[in-house]
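Structural overview for review
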Amino acid sequence: MNKYKFVCFVSLWLVVSLFCNARQGEVGSTYFCCLYTHYTQTTDRNHEAVVDSFFSILEVGDSVCKYGDLSTYVSQKKFLPREMEWLAKEDCRRDEHLWVLQNYPDRGMLTVEEALHPSFFSYEESVDSLRWTILPGDSVILNYQCRYAQVEYGGREWRVAYTDEIPISAGPWKLVGLPGLVLFAQDKTGTHTFLVQSIFNVENQIISESNNSDYKIQDTQRSLFIKTRNRIKCDPQWMRLPWYNDKSNVKMAILSAESRKRLGIAPFISVNGIKYPCRERSDGVLEYVHNYYQPLEWY
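Residues numbered from 1 in each chain as written. Predicted model: local features only at pLDDT ≥ 70, side-chain atom pairs only at ≥ 80, totals over all residues. Heavy atoms only, no water.

Some words on the overall build of the protein chain
We count it as follows: Only DSSP runs of H or I covering at least 4 residues are called helices, and only runs of E covering at least 2 are called strands; the numbering of each starts at the N terminus. Any residue under 20% of the maximum accessible area for its type is buried, any over 50% is exposed, and the rest in between are partly exposed; the area is computed with a 1.4 Å probe on protein chains only. Contact between two residues is taken to exist if any of their heavy atoms lie within 4.5 Å; hydrogens are not considered. Per-residue and other accessible areas follow the Shrake-Rupley method at a 1.4 Å probe size, with only the shown protein chains counted as cover for residues.
Within the protein chain, the regular secondary structure consists of 5 helices and 16 strands. Taken over 299 residues, the protein chain has a buried fraction of 53%. Pairs at least 24 apart in sequence give 59% of the contacts found in the protein chain among residues at least 6 apart. Carbon and sulfur atoms make up 50% of the accessible area of the protein chain, which amounts to about 14,800 Å² in all.

In structure tokens:
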């Protein structure tokens, strides 16, 4: 990564953050991206320990950053280095249906969009609740010198490694507010881990506000959404049927086996625009498969 570019970028960040982008749906431009893997320690339906992994990407813009599923980024025909193009193969087992706009709609604010049957929901929150403590020690990640910090948020205690060699107050998910880019994060229980895999430059890509133009996004409040989401997705019924909470509001789409084979993608069922991973049984029937849900935040 060209570190000189970061110095110029920080100056541009301070200038452009004074202005608002008036084009509908466009909230900023990306100058570089961070590819993360989100690992989740959980159990399968047989209560055996397993590790889920999700590919996500942070688009770092002039005044706004956006964290979300890599598949959404790829579907918008955005740039991936040649050595990462294999990641463009669609596999919804790697999707979280979660997006976070950082410093939007205003500086110091987060706008979160997340899928929960039967719809997509959006809420805003302030980053003021993220009260970081800088810790002793250091490490090196991707050849960047990192420092440690910790924070308690949403019922979890997080320890992160950030680098002030990239002095951008951004990171995976909602882990923002430090004087440098977060490259690693893990909660105290070890349930959730974010690890940066690559950082690459891009040429003025657009950061869009919304992720799904086919379905209306419903505004909600953070506390209500998290309470409802955890109640629904932590219920064992969700393991068997992720739309159990509203079976009357189901618009299902299934790609044929022939089409999946031609496109080289894993089986899935789409319900109201939300893709659920499946496995194909010997009789050709798709069976929903997922591991127990582990919330990033409890409240």
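Moving on from the model shown.
Focus: the sheet that holds strand β16 (residues 286-288)
Spelled out, the test is: Two strands are counted as paired when DSSP detects at least two bridges linking them. Lines fitted to the C-alpha atoms define the axes, with helices restricted to the stretch that makes contact. Angles between their N-to-C directions range from 0 to 180 degrees.
Read across the open sheet, the 4 strands follow the order β13-β14-β15-β16; overall the sheet is antiparallel. Lying at the two open borders of the sheet, with one neighbouring strand each, are β13 (252-254) and β16. Between one strand axis and the next, the sheet turns by 40° as a mean value, whatever way the strands run. Where β13 and strand β14 (residues 268-271) come together, 3 bridges link them in antiparallel fashion. Paired with Ile254 across the bridge in β14 is Ile269.

Quick word on the packing of aromatic side chains
Cut-off, in case you're wondering: Pairing of aromatic side chains requires ring centres within 6.5 Å, counting the rings of Phe and Tyr and the six-membered ring of Trp. Pairs whose planes differ by under 30 degrees are stacked, by over 60 edge-to-face, and all others tilted. For a ring to carry a charge above it, either NZ of a lysine or CZ of an arginine must fall within 6 Å of the ring centroid while also lying within 35 degrees of the normal to the ring plane.
Per the counting criterion, the structure on display carries 12 aromatic pairs. Here the aromatic rings of Trp238 and Tyr288 are separated by 6.5 Å at their centres, their planes lie at 80°, and the arrangement is edge-to-face. Residue Trp238 is found in helix α4 (residues 236-240), and its partner Tyr288 is found in strand β16; the two are separated by 50 residues along the sequence. Residue Tyr288 is classed as buried on the basis of its relative accessible area of 6%. Judged by centre distance (5.9 Å) and plane angle (85°), the rings of Tyr276 and Tyr288 are edge-to-face. Pair noted here: Tyr276 is in strand β15 (residues 274-280) and Tyr288 is in strand β16, with a separation of 12 residues, a long-range link. Here Tyr276 falls in the buried class, since its relative accessible area comes to 6%. Among the aromatic residues, those joined into a cluster by ring pairs are Tyr67, Tyr153, Trp158, Trp173 and Phe194. Over the aromatic face of Tyr148 sits the side chain of Arg159, whose NZ or CZ is 4.3 Å from the ring centroid. One residue, Lys275, lies across the ring of Phe268, its end atom 5.2 Å from the ring centre.

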